[in-house]
Amino acid sequence: MGMKDTSTFEGIDLYSMLGVAPNASFEDIKAAYRRAARRLHPDVNRNNPGAGVQFQQITVAYETLGDTDKRKEYDKKSQQHADNLHFTLRITPSKRRITSLPEPQVIYLLAEVFPDARASQANQKRDSRLNLCLVLDRSNSMNGPRLNQVKVAAHQIIDQLGEQDIFSLVAFNDRAELVIPATTVTDKAALKARVSMMTASGGTEIFQGLEAGITEIRKFLAPRLINHIILLTDGNTFGDADKALDLAKTVSKDGITISGMGLGQEWNDRFLDELANSTGGSSSYINSAGAVVRFLNTHVRHLSNTFADRMHLSIAPDPDVKLESAFKLQPNAQPLIIDQGFVPMGSLQKGRSISTLLQYELPAKMPLGFRSLSRIVVIGDILGERIRKFQAISDISLEITSENVNEQPPSAILDALGKLTLYRMQERANDALEKGDVRQATRQLENLALRLAAMGESELAQQAKQEAQQVAHTAALTDKGKKALKYQTRSLLLYAENNEDNGNGDS
Amino acid sequence: MMICPFCGFKNRPGAFFCDDCGQPLHEDPGTMTMPTRQIELVTSEINAKSSWGTASFDAQSTVMLHIRDVREPVQIRPVARMTIGRSDAATETYPDLDLTSYGAMEKGVSRIHAALLRTEESLTLVDLGSSNGTHLNGQRLVAEQPRVVRDGDEIRFGKLVAHIYFQTR
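Source: prediction; values computed, not measured.

For the rest of this paragraph, the subject is the overall build of chain A. On a plain count of helices and strands, chain A comes out with 16 helices and 16 strands. Burial status across chain A gives 46% buried among its 507 residues. Across chain A, the fraction of contacts at a sequence separation of at least 24, relative to all contacts at a separation of at least 6, is 75%.

With that settled, consider the confidence of the model for chain B. Residues and elements named next belong to chain B. Looking at chain B, pLDDT values average 78 and 81% of them are 70 or higher. The least confident element of chain B, judged by mean pLDDT, is strand 4 (residues 74–76) at 83; the most confident is strand 12 (residues 154–157) at 92. Scored below 50 in pLDDT, residues 29–51 shows 25 contacts in the model against residues more than four places distant or in partner chains. Here the complex is predicted with pTM 0.71, and the ipTM for its interfaces comes to 0.75.

It is worth spelling out the packing of helix 10 (residues 241–253) of chain A against helix 11 (residues 269–277) of chain A at this point. Residue and element names in this part refer to chain A. Contact geometry of helix 10 with helix 11 gives a least axis separation of 9 Å together with a crossing angle of 15°. Considering their axes alone, helix 10 and helix 11 lie roughly parallel with respect to each other. The handedness of the crossing between helix 10 and helix 11 is right-handed. Side by side, helix 10 and helix 11 meet where Ala-241, Ala-244, Leu-245 and Ala-248 of the first sit next to Phe-271, Glu-274 and Leu-275 of the second. When its residues are assigned to classes, the contact of helix 10 with helix 11 shows 6 nonpolar, no polar and 1 charged.

The next point concerns the environment of Arg-77 of chain B. All names here are of chain B. Following the sequence through the fold, Arg-77 ends up in the loop between strand 4 and strand 5 (81–85). Judged by the 9 C-beta atoms lying within 10 Å of it, Arg-77 falls in the exposed class. Between the alpha carbons of Arg-77 and Gln-139 there is a distance of 25 Å; along the sequence they are 62 residues apart.

Right, let's get into the interface of chain B and chain A. Across the contact, 14 residues belong to chain B and 19 residues belong to chain A. Counted by class, the side of chain B that touches chain A contains 8 nonpolar, 4 polar and 2 charged residues.

Right, let's get into unusual backbone geometry. Cis peptide bonds are those with omega within 30 degrees of zero, and the linkage from Gln-330 of chain A to Pro-331 of chain A qualifies with 0°. Positionally, Pro-331 of chain A belongs in the loop between strand 11 (322–330) and strand 12 (334–335). Of note in the backbone geometry, Asp-69 of chain B takes a positive phi value of approximately 70° without being a glycine. Of note, Asp-69 of chain B is situated in the loop between strand 3 (62–67) and strand 4.

Another point: the packing of helix 9 (residues 206–220) of chain A against helix 10 of chain A. Residues and elements named next belong to chain A. Contact geometry of helix 9 with helix 10 gives a least axis separation of 9 Å together with a crossing angle of 20°. What the angle tells us is that helix 9 and helix 10 run roughly parallel. The hand of the helix 9/helix 10 crossing is left-handed. Between helix 9 and helix 10, the residues in contact are Ile-206, Phe-207, Leu-210, Glu-211 and Ile-214 and Lys-243, Ala-244, Leu-247 and Val-251, respectively. Of the residues that constitute the contact of helix 9 with helix 10, the class distribution is 7 nonpolar, no polar and 2 charged.

Residue and element names in this part refer to chain A. With 155 residues, the main nonpolar core has Val-135, Leu-169, Val-170 and Val-292 as its most contacted residues. Among the elements that line this core, the one with the most residues is helix 13 (residues 411–434), at 8 residues. Residues contacting Val-135, with those up to four places away along its chain left out, are Val-170, Phe-172, Gly-209, Leu-210, Gly-213, Ile-229, Ile-230 and Leu-231. Core analysis: the next-biggest nonpolar cluster, separate from the first, contains 12 residues, Leu-18, Ile-29, Phe-55 and Leu-65 among them.

Note: strands within a sheet are paired through backbone hydrogen bonds, in either parallel or antiparallel orientation. All names here are of chain A. Within the open sheet, the 5 strands sit side by side as 1-3-14-11-12. Their pairing is antiparallel. Each edge of the sheet is formed by a strand with only one pairing partner; in this case those strands are strand 1 (88–93) and strand 12. Here 9 bridges tie strand 3 (residues 105–114) to strand 14 (residues 354–362), and the two strands are oriented antiparallel to one another. Its bridge partner being in strand 14, Ala-111 is matched across the sheet by Thr-356.

The next subject is helix 15 (residues 458–474) of chain A. Residues and elements named next belong to chain A. Its 17 residues give helix 15 an end-to-end C-alpha distance of 24 Å, which sits within 8% of 24 Å, the value for a rise of 1.5 Å per residue. Of the residues making up helix 15, those classed as buried are Leu-460, Gln-463, Ala-464, Glu-467, Ala-468 and Val-471. An end-on view of helix 15 places all buried positions within 145° of arc, on one side of the element. Projecting away from the buried face of helix 15 at angles above 90 degrees are the exposed residues Ser-458, Glu-459 and His-473. Contacts from the buried residues of helix 15 go to helix 13, helix 14 (438–454) and helix 16 (479–491). At the C-terminal side of helix 15, Ala-475 shows a positive phi close to 60°.

Let us now look at the sheet that holds strand 13 (residues 160–167) of chain B. Residues and elements named next belong to chain B. Here 6 strands make up an open sheet; going across it, the order is 4-3-13-12-9-10 and the pairing antiparallel. Single-partner strands in this sheet number two, and they are strand 4 and strand 10 (139–140). Alignment of strand 3 against strand 4, held across 3 bridges, turns out to be antiparallel. Residue Val-63 lies in a different strand from strand 4, and its bridge partner there is Ile-76.

Moving on, we get to the environment of Val-179 of chain A. All names here are of chain A. Tracing the chain through its elements places Val-179 in strand 6 (residues 176–184). Residue Val-179 is classed as buried on the basis of its C-beta count, with 20 C-beta atoms lying within 10 Å. Sequence separation between Val-179 and Met-198 is 19 residues, and the spatial gap between their C-alpha atoms is 8.1 Å. Those residues in contact with Val-179 that sit more than four places away from it in its chain are Leu-169, Val-170, Ala-171, Arg-194, Val-195 and Met-198.

Rules and cut-offs
- Residues numbered from 1 in each chain as written.
- Chains lettered and ligands numbered in written order.
- Predicted model: local features only at pLDDT ≥ 70, side-chain atom pairs only at ≥ 80, totals over all residues.
- Helix = DSSP H or I, 4+ residues; strand = E, 2+ residues; numbered from the N terminus.
- Buried ≥ 20, exposed ≤ 12 C-beta atoms within 10 Å, placed from the backbone.
- Contact = placed C-beta atoms within 7 Å.
- pLDDT = per-residue confidence, 0-100.
- Axes fitted to C-alpha atoms, helices over the stretch in contact; angles between N-to-C directions.
- Parallel < 35°, antiparallel > 145°, perpendicular 65-115°, else oblique.
- Left-handed = near helix turned anticlockwise from the far one by under 90°.
- Nonpolar A, V, L, I, M, F, W, Y, C, P; charged D, E, K, R; others polar.
- Core = buried A, V, L, I, M, F, W, Y, C linked by C-beta atoms within 7 Å.
- Pairing = 2+ DSSP bridges.
- Expected span 1.5 Å × (residues − 1).
- Arc of directions from axis to C-beta.

Structure representation (structure tokens):
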């Protein structure tokens, strides 16, 4: 449990572990411990190793809080910590009581990480300094309004940055060109002039641009900085996608995040998703040149509002439980790759949460009583006067019963799941098409149209319907429809406040 | 196992939305957005054993189709896929269940209008791109999308209204 390790002590509140108030009397604490112990004692949970862990936890809590001296010491320590800023992890399961069934069943958890509320009020001063590199596609197809808008966006980003920030800019087509080598942002006019010189020509080879961008980032790479690359492209990269993905995975270990932005319809969405996912960055769809400026600006503004960086999520389900999928809902909606120990989650920004929806499969014939489901750990570097590593842990336990439980799931989970279902339907339509099953793809899209209409998304429903007809006739989606359905069903998952930074830019 | 009331897909317990058609599963079927059934009582012919509203349909089950304004119900023994429509010699169209003698022509039934599909545990109805549509309990079906039929449901082919009853032996 690591309870004695002071570095994890911070995140764990012994009072809440026993379910008592910080000013509870000794009698209250004792009674609360007895109540919990009866529930979790290994003797009554013989087939339930999870209960053993839980029991240990409450025992440690009781040993500390039930001893006057130790409690004083703990209170003193947590008071010192109380002044430190931290983040909190809140887990909400779709059901707390589960009926034991002869067949496997699914359960969902909503995992939310909240930054310290004091961070957004206390000091208006920016704690986070950026080490930002723009890697911009200047291939032939960018010619005209696209490149012009990108230049305007780059100008505004330079205006946003200050002397404490590092900025670099790489333009690429078939090869990379270093437009602005990594530098502190002092002579803004000179930097902007260089941006203005960019012209469009040639093809799209992302690896070269990415590699050059990483070289610039590395010049100033430091844990004190938000080391971030924004890759903007409007085309498919040829032959070097795997190389680019390998590179992304390597740099992720050094704390560099990459966000991918696709402009127009012709870029490879799966590639950009994977590129961003493997580093904790975001991937988004900008459907018109006109939306580029606001989109990039918002992205950079959020970055410079970072509370904690290099956030990572680790999920450890119990041995008989299977974690089936994880989907990030906030601050940007995208599927997470969970085949690694610690999943990079990017930065936690002031006043905004990171939330993830997890889907587990529970085994058949679970023994009755309390059991644990999974442990979830979130770690990250809190930025401030100094950098502090912080971690929050949560062990989720459930009650398995023989009764028929008729519990309504929390509306936040239901709402997210309803929308996630839509995203998955368009994914299934795409999968079916890849396998050549036109009938199945058509059916999925028609069903999607029905659901979208039922949820009041009439415009998107119309688009799904059109794509269904398109698929029935041509066995393929239109490029535009494919991207719109994918990224707009995703963006339905976001709260209204930050819809602006998840594609759908000009609506 | 949770069978989706809309498409018949088998979902795992704990799911809130159908993994196939995306419809919500967590709502009580009685409160789902289906219009009130307009059931005409034709009790004399209904088998007392059939439990009204069930979607379960086993190998032994047969179906009685009560067509409005027609005295005698039509008894059907569903096969894997039974097409419904009106026969047309000119195009050599012969559906498995021919509704010609029940006024199919004037009621706008297409030649190949719909089909009843029997799966392991349920019976589904699918519209086959008919001109005037197939309605299940007042809801128009999207072509090619099967919907689970329950005992007592109202089915409308164009303007031809029928009620379907399951008979279990």
